[in-house]
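Letter by letter, the chains look like this.
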Amino acid sequence: MTERFLQICTDREDLSRELCDSFCELAEETIEREGKFRVALSGGSTPQQLYTLLRDEDLDWDHMRLYWGDERNVPLDSEESNARMTRDALLQPAQVPASSYFPVPINVDDPAGAARAYEEMLREEFDGDFPRWDLVLLGLGDDAHTASLFPGTAALDERERWFVENWVPKFDSYRLTLTFPAINSAKRVWFMVAGEGKRRALQNVWNEEKDFHRFPAQNITPDGELTWWLDEAAIPPE
Ligand code: 6PG
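Residues numbered from 1 in each chain as written. Predicted model: local features only at pLDDT ≥ 70, side-chain atom pairs only at ≥ 80, totals over all residues. Heavy atoms only, no water.

Asks: Looking at this structure, how should I read the site of the ligand?
Replies: In the neighbourhood of the ligand, 16 residues make up the surrounding shell, with S45, T46, R72, A147 and K198 lying closest. Contact between the ligand and H145: an oxygen atom at 2.8 Å from a side-chain N or O atom of the residue. Within the backbone of A147, a nitrogen or oxygen atom sits 2.6 Å from an oxygen atom of the ligand. Protein burial of the ligand: of its 420 Å² of free accessible surface, 88% is covered by the chains. Using a 2 Å cut-off from the grid points, one finds that the ligand occupies the largest pocket. A class-by-class count of the residues in the shell around the ligand yields two nonpolar, 10 polar and four charged. (Near = heavy atom within 4 Å. Polar contact = N/O pair within 3.5 Å; in protein donor to acceptor, adjacent residues only side chain to side chain. Areas by Shrake-Rupley, 256 points an atom, 1.4 Å probe, with all protein chains shown as cover. 1 Å grid on protein atoms, 1.4 Å probe; cavity = no way out; pocket = protein on both sides within 12 Å on 5 of 7 lines; lining within 4 Å. Sits in = over half its atoms within 2 Å of the grid points. Nonpolar A, V, L, I, M, F, W, Y, C, P; charged D, E, K, R; others polar.)

Asks: In this structure, what is going on with the pattern of salt bridges? I would like to understand it.
Replies: Pairing between side chains of opposite charge can happen when the charged atoms of each approach one another. Counted under the stated rule, the structure contains 17 salt bridges. One salt bridge in this structure joins D70 and R175, with 3.9 Å as the shortest N-O distance. Within this pair, whereas D70 is found in strand β4 (residues 70-72), its partner R175 is found in strand β8 (residues 173-178), the two being separated by 105 residues in sequence. No difference in accessibility class separates D70 from R175, as the two residues are buried. (Salt bridge = Lys/Arg side-chain N within 4 Å of Asp/Glu carboxyl O. Helix = DSSP H or I, 4+ residues; strand = E, 2+ residues; numbered from the N terminus. Buried < 20%, exposed > 50% of the residue type's maximum accessible area, 1.4 Å probe, protein only.)

Asks: Looking at this structure, I do not really get the layout of surface pockets. What am I missing?
Replies: The probe, sized like a water molecule, is rolled over the atoms to show the empty space still left. Reported here for the largest pocket is a volume of approximately 340 Å³. Lining the largest pocket are 27 residues, and of these G43, G44, R72, G141 and H145 sit closest to its centre. Among the elements of the structure, α2 (46-54), β4 and β6 (135-138) are those that each provide at least two residues to the lining of the largest pocket. Tallied by class, residues from the lining of the largest pocket come to nine nonpolar, 11 polar and seven charged. Each pocket or cavity is described by its volume, and for the second largest pocket that value is around 210 Å³. Lining the second largest pocket, in full, are F5, Q7, S22, E25, L26, E29, R188, W190, E225, T227 and W229. Contributing elements (two or more residues each) for the lining of the second largest pocket: β1 (3-9), α1 (12-34), β9 (188-193) and β10 (225-231). Ranked by the residues each element gives to the lining of the second largest pocket, the list is headed by α1, at four residues. Among the residues making up the lining of the second largest pocket, the classes are represented as four nonpolar, three polar and four charged. (Points joined across faces, edges and corners; volume = space filled by probe spheres on them.)

Asks: I tried to follow the environment of Q203 on my own but got confused; where do I start?
Replies: Structurally, the position occupied by Q203 is in helix α6 (residues 199-207). What makes Q203 partly exposed here is its relative accessible area of 24%. Distance in space between the C-alpha atoms of Q203 and I235 is 8.3 Å, their sequence separation being 32 residues. Residues in contact with Q203, not counting those within four places in the same chain, are E208, P236 and P237. (Contact = heavy atoms within 4.5 Å.)

This is the structure we're talking about:
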């Protein structure tokens, strides 16, 4: 059963600040209760501001476990890499120990092998049928994709695997991504959506008839909490 919440912030800065405060609060209480905080991070530009705020917070990085919900099929030092974006915005400046984060072992010539290796690592970390994340952070593309689950792509129909390579025709390249079941097994999922460029996508995800092949983000239905964190610019017109 998905419990849905909506957090509306004034603008992108306010959104990042609110997300940062809530992230720190959740991390602290989870580590206190369970000894570690296991998060699947999002790529893209929206979370970047959050990550730069987190680097100045007094978080217990030794007991954090940071993973990536998706990654581009590029070297980890590429400008396109989500791991590089996170490293530059957060991991390096906050001196997060390497034992606390787990980049996708990218091999540009073998995305299937890299996806399998990441899944094997996740299966060693999490018991059970799918990973019970403490938190999955997600963005929303203007085409209603999330993670690297793009409209009309094969990964949308994967129900067994946790993490797969996904051919994305519009980029003429592979992406690597958590699958729907591996996201929906989370205790909580936070969508971070900012800017008027996302209004249409949000409108489609919320109000169009359910068709996750067209609007993949519609199929994010965690067995837990789903919170939409928006700035005012992203809110669709009535
Ligand atoms: C990625 C993300 C992707 C992103 C959306 C929104 O690898 O780029 O996982 O799903 O969250 O494309 O991106 P913005 O936050 O940059 O709008």
